[in-house]
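One-letter residues, chain by chain:
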Amino acid sequence: MKMLIEGKLIDKNEKIAVENPFNNEIIDYVPSGDAEDVKKAISAAAKATKSMKEMSSRKLSRIMYDIHQELKEKHQEISKLISLETGKPIRDSRVEMDRSLQTLLMAAEESKRIYGETIPMDAAIAGRTAFGFTIKIPLGVVAAISPFNYPVNLAIHKIAPALAAKNTVVFKPSTKAPLAALKMAEIMGRHLPDGAVNAITGPGGVLGDQLVTSDQVNKVSFTGSVATGLSIARKAGMKKLTLELGGNDPLIVLDDADIDAAVLGAVGGSYLNAGQVCIGVKRLIVQESVADEFTEQLVSRTQKVKTGDPLDPETDMGPLIDEKAALNVEQSVNDALQKGAQLLCGGKREGAFFQPTVLDQVQVDMELVQRETFGPVSPVIRVENLDEAIKAANSTPYGLQAGVFTQNIANAKKAVREIEAGSVLINKQPTFRTDNMPFGGFKMSGMGKEGVKYAVEDMTRTKMVVIG
């Protein structure tokens, strides 16, 4: 697979191997780009801004529909690539492609709905005879930096809104899983003016720094770690930023909850993509009076999760992205066990696989739940009441999404008011997301919102026009 710069596929002598985490086989190689490649990509994007600005919204929307059609034709091929490079079960990879196609269509439609507004100039002393309105104009060049866990969908959440607002893009996928994303970028590049979409691969620090500090880049949209997000915020200067930095998402189960539904939500949210989801269920905060019943059902369903070959349609959960990631999960689980947590099932690692794991008697100050554990672990924290549950939910530096299972409207309202998170979902696990909803967290979970309409808005500038 190759980089894309100004409409041309670019290779390099130095390569980066992309490995299948299931069997450690090399799937393909991608070029190891350098700072000069980034400069060329940014220059190409800057040059293409004129073509994008001059394009009618109708034509741009039509092009995005054409991109959608070609991606749809490559659905199975790209889904398989996602599974091979990430270890994601094939049925989940197909869902990711379905969502990606939907997101692209939303952006194609949103490109025709970018409105300004009229301003009542005569509401001010000097404006009695003036007429005023605003228009939305593109930012220019958008840098899009995406992670490995949803290599196509999270990339499209950045690239498609940028294009809908008539910007150009320099895209850097994760080198752990770049293949599907590069294939997507190549398809986009065939339909758009040369340089409108550029895709580069290489060492994150070198390429990322060049993207973030370039004076020709007008916005950075990044999904990844808190440490990298903070570094971007320090280096970006006056650029617009959208930073989605992960979460430590709680699922609260109260004594009036539908326990069966809560357990299904917990299992689905804890083990999706081997727990490598920013909105995965990272903490289960359960009211003591129903905790025994809940954990018994949770263990029973967890033990039925089938792990194995990601290309097997029967597989529920594959490996983590690599053995290092699995070792990090193992270390966090062992630390919790040493500090008093109880292992109810799972807990074993084999290579990049980590068994779906349920821990009970977890305390809020344990490392396992204070930082984001990116793996298939269900830590149960027992609490006496809703106040204690909310306190536990707010006890980490993160605030992306939270789920609350309750049949009591007063409990639901209190949770919505007091939980510090960008989204609070009632009788849904925090893993729930639709691609049109405003998505983004509070505190160290980041800044800005994704979701097509909201991302498009943030990809524009407002210009005021006054006619005297």
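What you see is a predicted model, and the numbers here were worked out from it, not measured in a lab. (Residues numbered from 1 in each chain as written. Predicted model: local features only at pLDDT ≥ 70, side-chain atom pairs only at ≥ 80, totals over all residues. Heavy atoms only, no water.)

**A look at the sheet that holds strand S14 (residues 342-345)**
Each strand in a sheet pairs with its neighbour through backbone hydrogen bonds, running either in the same direction (parallel) or in the opposite one (antiparallel).
No. 1: Spatial ordering of the open sheet is given by S14-S17-S18-S13-S12-S20-S21, a layout of seven strands whose pairing is mixed. What marks the edges here is a single partner per strand, and that holds for S14 and strand S21 (423-426). This sheet shows a mean twist of 25° between the axes of neighbouring strands, independent of strand direction.
No. 2: On top of the sheet, helix H10 (residues 288-302) reaches strand S12 (250-253), strand S13 (283-287), S14, strand S17 (357-360) and strand S18 (377-383); it is set at about 140° to S13, its chief contact. (Pairing = 2+ DSSP bridges. Helix = DSSP H or I, 4+ residues; strand = E, 2+ residues; numbered from the N terminus. Axes fitted to C-alpha atoms, helices over the stretch in contact; angles between N-to-C directions. Contact = heavy atoms within 4.5 Å.)

**Notes on the packing of aromatic side chains**
Working definition: an aromatic ring pair is given by the centre-to-centre distance plus the angle between the planes.
No. 1: Inspection of every chain in the model, using the stated rule, returns three aromatic pairs.
No. 2: A ring pair is formed by Phe131 and Phe133, whose centres lie 5.9 Å apart and whose planes are at 50°; its orientation type is tilted.
No. 3: Of the residues examined, Phe131 reaches a relative accessible area of 47% and is grouped as partly exposed.
No. 4: The class for Phe133 is partly exposed, based on a relative accessible area of 24%.
No. 5: Lying across the ring of Tyr150, Lys88 places its NZ or CZ 3.6 Å from the centre.
No. 6: One cation-aromatic arrangement involves Arg433 over Phe439; the distance from NZ or CZ to the ring centre is 3.8 Å. (Phe/Tyr/Trp six-rings, centres within 6.5 Å; stacked < 30°, edge-to-face > 60°. Buried < 20%, exposed > 50% of the residue type's maximum accessible area, 1.4 Å probe, protein only. Lys NZ or Arg CZ within 6 Å of the ring centre and 35° of its normal.)

**Thoughts on unusual backbone geometry**
No. 1: Unlike most non-glycine residues, Glu6 shows phi in positive territory, near 55°.
No. 2: Tracing the sequence through the fold places Glu6 in the loop between strand S1 (3-5) and strand S2 (8-10).
No. 3: Phi is positive for Asn427, which is not a glycine, with a value near 60°.
No. 4: Here Asn427 lies in the loop between S21 and strand S22 (442-443).

**Overview of the UniProt feature "active site" (unreviewed entry) in the protein**
No. 1: In this structure's numbering, the residues bearing the UniProt feature "active site" (unreviewed entry) are Glu244.
No. 2: Tracing the chain through its elements places Glu244 in strand S11 (residues 240-244).
No. 3: Apart from residues no more than four positions distant in its own chain, Glu244 is found in contact with Phe222, Thr223, Gly224, Cys278, Leu400, Phe439 and Ser445. (UniProt positions renumbered as here; feature names shortened; annotations may be inferred.)

**Re the pattern of salt bridges**
No. 1: Taken as a whole, this structure holds 36 salt bridges when the rule is applied.
No. 2: One salt bridge in this structure joins Lys414 and Glu418, with 2.9 Å as the shortest N-O distance. Of this pair, Lys414 and Glu418 both sit in helix H14 (residues 409-418), four residues apart, roughly one helical turn.
No. 3: Taking the relative accessible area as the measure of exposure, Lys414 reaches 21% and is therefore partly exposed.
No. 4: For Glu420, the salt bridge is made with Lys443, and the minimal N-O distance between the two is 3.1 Å. Of this pair, Glu420 sits in the loop between H14 and S21 while Lys443 sits in strand S22; the two residues are 23 residues apart in sequence, bridging distant segments of the chain.
No. 5: Each of Glu70, Lys74, Glu186 and Arg190 takes part in a single network of salt bridges with overlapping partners. (Salt bridge = Lys/Arg side-chain N within 4 Å of Asp/Glu carboxyl O.)

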